[in-house]
Amino acid sequence: MAKPSGGHATDIVIAGGGIIGLSLALELRQRGLSVAVLERHRAMSSASWAAGGMLAVNDPQNPLELLPLAILSWALYPSYLDRIELLSGRHVPLRTQWTLQQVQSERVSTDALAAEIAEFAPGLDATGHSFKWLEEGSLDPNDLREALPEALRAAGGMLVEETAVVGVESTAHGVLVETQRERIAAGMFVNCCGAWAGEPRLGGLPVVPVKGQMANLRCPPERLRCVVRVPGIYLIPRGDSRVTIGATLEHVGFDETVQESSIKQMIDAALRLLPEATAPMQVESWAGLRPGTPDGLPILGAAGTKHCWHATGHYRDGILLAPVTARLMAQSMLGEFPDVPLDAFTPARF
Ligand code: GLY
């Protein structure tokens, strides 16, 4: 597809080695295209790693327009993980299969539900909360952080770390992508730069970083075997005594520092729900930057510049939406009708 012009040439260049960029690269490799992913730091080192890993298909906080993407992505997840495992030789298990979601209505709190909570979450103090069950999984992003880059390399994709895109120029037949080291000729360019996707050199999208702080508590695994979500806090057991709690939602620019006071507030809220959990002396805590958009929806589709595309703005759902994003973007880029229409997500809406 790409016309070499002296330097390195490939069909597709993707900027951003997070879960979106790597998953799209894997999908394109599967369709026989050559792909180079350029990552300014290390692959899976930003939001893709900091994320909770909930595959929150029916989170009531999600915008309604997201639902068709979320449902299809959840359906694609088993084959997505199978492919990654097969290629990388690493296991990426779903660590929970169910979520207890707080709801307003008292009617959903039945005796049967109480018995199920006693079975799946005997350590939970549900006082003052009404819950319903959602069938949705969660994974530990650390597992994907190991497996996904290896899977792409095993599939024949190129992953170039510590390499930022300096500029992108459209030509008659494709693009010239400039890095600090070289110029790459490609048929298409895709901006998968997450919270950094709004940089002017990538097209100036209205993407903003939304910081989330997270921490790990400890609790015997049998005391909590499902995700618990209430306003302001969620608990994600990893099945090995870690319970990941999150998350703050902060508009503070590109600040990834952890504030002790924020972590303490989250720990207090988590301990009210799971009193048996403990916070180690040195609590593991971290922060990441979600890519936020003005309408809370991802930005998926052709850019205003020829041969350039965007796949970013996944805000709180990048892990969930990676498989569907990879599929729908690949379909659109190759001139097929996407399984779900992307009109609501077009970059042209801004
Ligand atoms: N996906 C959960 C969060 O953004 O906090």
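Located above this text is the structure these notes cover.
Residues numbered from 1 in each chain as written. Predicted model: local features only at pLDDT ≥ 70, side-chain atom pairs only at ≥ 80, totals over all residues. Heavy atoms only, no water.

**A word on the environment of A303**
Then, in step 1: Take A303: it is sitting in the loop between β16 (299-302) and β17 (308-312).
Then, in step 2: Residue class for A303 comes out buried when judged on its relative accessible area of 16%.
Then, in step 3: With 203 residues separating them along the chain, A303 and L100 place their C-alpha atoms 39 Å apart.
Then, in step 4: Residues in contact with A303, not counting those within four places in the same chain, are C308, W309 and H310. (Helix = DSSP H or I, 4+ residues; strand = E, 2+ residues; numbered from the N terminus. Buried < 20%, exposed > 50% of the residue type's maximum accessible area, 1.4 Å probe, protein only. Contact = heavy atoms within 4.5 Å.)

**A few points about the site of the ligand**
Then, in step 1: All residues adjacent to the ligand are M54, Y234, A247, R290 and R316.
Then, in step 2: A distance of 2.6 Å is found between an oxygen atom of the ligand and a side-chain nitrogen or oxygen belonging to Y234.
Then, in step 3: R290 has a polar side-chain atom sitting 2.6 Å from an oxygen atom of the ligand.
Then, in step 4: Contact with the protein chains covers 89% of the free accessible surface of the ligand, which is 190 Å².
Then, in step 5: Of the residues assigned to the shell around the ligand, the class counts are three nonpolar, no polar and two charged. (Near = heavy atom within 4 Å. Polar contact = N/O pair within 3.5 Å; in protein donor to acceptor, adjacent residues only side chain to side chain. Areas by Shrake-Rupley, 256 points an atom, 1.4 Å probe, with all protein chains shown as cover. Nonpolar A, V, L, I, M, F, W, Y, C, P; charged D, E, K, R; others polar.)

**Some remarks on the sheet that holds strand β5 (residues 130-134)**
Then, in step 1: The sheet built from seven strands is open, its strands ordered β5-β4-β12-β13-β14-β11-β15 with mixed pairing. Whereas interior strands pair on both sides, the edge strands pair on one side only; in this sheet they are β5 and β15 (284-292). Recorded for the sheet is a direction-independent mean angle of 25° between the axes of neighbouring strands.
Then, in step 2: With three bridges connecting them, strand β4 (residues 99-103) and strand β12 (residues 227-230) associate as parallel partners. In the sheet register, Q101 faces β12, and the bridge partner there is R229.
Then, in step 3: Contacting β4 and β5, helix α4 (residues 111-120) crosses the sheet at an angle of about 70° to β5. (Pairing = 2+ DSSP bridges. Axes fitted to C-alpha atoms, helices over the stretch in contact; angles between N-to-C directions.)

**Quick word on the pairing of strand β9 (residues 175-179)**
Then, in step 1: By the criterion of burial, β9 is predominantly enclosed, with four of the five residues buried.
Then, in step 2: Across five bridges, the pairing between strand β8 (residues 165-170) and β9 is antiparallel. Residue pairing for β9: E169 is matched across the bridge by L176.
Then, in step 3: If you look at the hairpin formed by β8 and β9, you'll find four residues sitting between the two strands.
Then, in step 4: Pairing of β9 with strand β10 (residues 183-191) involves four bridges; the strand directions are antiparallel.

**Quick notes on the pattern of salt bridges**
Then, in step 1: One pass over the full model with this rule turns up 22 salt bridges.
Then, in step 2: Measuring nitrogen to oxygen at the nearest pair gives 3.1 Å for the salt bridge that ties E284 to R218. On the criterion of sequence distance, the pair formed by E284 in strand β15 and R218 in strand β11 (residues 208-218) is long-range, its members being 66 residues apart.
Then, in step 3: Residue E284 is classed as partly exposed on the basis of its relative accessible area of 36%.
Then, in step 4: A relative accessible area of 28% places R218 in the partly exposed class.
Then, in step 5: The salt bridge partner of K264 is D268, with a shortest N-O separation of 2.9 Å. (Salt bridge = Lys/Arg side-chain N within 4 Å of Asp/Glu carboxyl O.)

**Concerning the packing of aromatic side chains**
Then, in step 1: One pass over the full model with this rule turns up five aromatic pairs.
Then, in step 2: With a centroid separation of 6.2 Å and 80° between ring planes, the pair formed by W98 and W133 is classed as edge-to-face. On the criterion of sequence distance, the pair formed by W98 in the loop between β3 (94-96) and β4 and W133 in strand β5 is long-range, its members being 35 residues apart.
Then, in step 3: For W133, a relative accessible area of 19% translates into the label buried. (Phe/Tyr/Trp six-rings, centres within 6.5 Å; stacked < 30°, edge-to-face > 60°.)

**What to know about helix α7 (residues 318-333)**
Then, in step 1: Its 16 residues place the ends of α7 only 20 Å apart at the C-alpha level, less than the 22 Å of an ideal helix rising 1.5 Å per residue.
Then, in step 2: Taken as a whole, α7 carries its principal kink of about 35° at V324.
Then, in step 3: Taken across its 16 residues, α7 has 15 buried, putting it largely inside the fold.
Then, in step 4: Looking one or two residues past α7, G335 carries a phi angle of roughly 80°, positive in sign. (Expected span 1.5 Å × (residues − 1). Bend = angle between axes of the 7 residues up to and from the residue.)

**Some words on the pairing of strand β14 (residues 242-246)**
Taken residue by residue, a regular strand's side chains alternate between the two faces of the sheet.
Then, in step 1: Buried residues dominate β14, accounting for five of its five residues.
Then, in step 2: Burial along β14 is two-sided: the residues R242, T244 and G246 and V243 and I245 are all buried.
Then, in step 3: In this structure, strand β13 (residues 233-237) lies alongside β14, joined through four bridges in antiparallel fashion. The residue bridging Y234 from the neighbouring strand is G246, located in β14.
Then, in step 4: In this structure, the hairpin formed by β13 and β14 is closed by a connection of four residues, where G239 is found at a positive phi of approximately 85°.

**Structural notes on the side chain of E199**
Then, in step 1: As for its position among the elements, E199 is in the loop between β10 and β11.
Then, in step 2: For E199, the residues in contact, after removing those within four places along its chain, are R40 and G204.

**Thoughts on unusual backbone geometry**
Then, in step 1: Note the cis peptide between G246 and A247, where omega equals -10°.
Then, in step 2: Although it is not a glycine, Y315 adopts a positive phi angle of roughly 45°.
Then, in step 3: Within the secondary structure, Y315 is located in the loop between β17 and α7.
Then, in step 4: Given a relative accessible area of 26%, Y315 falls into the partly exposed group.

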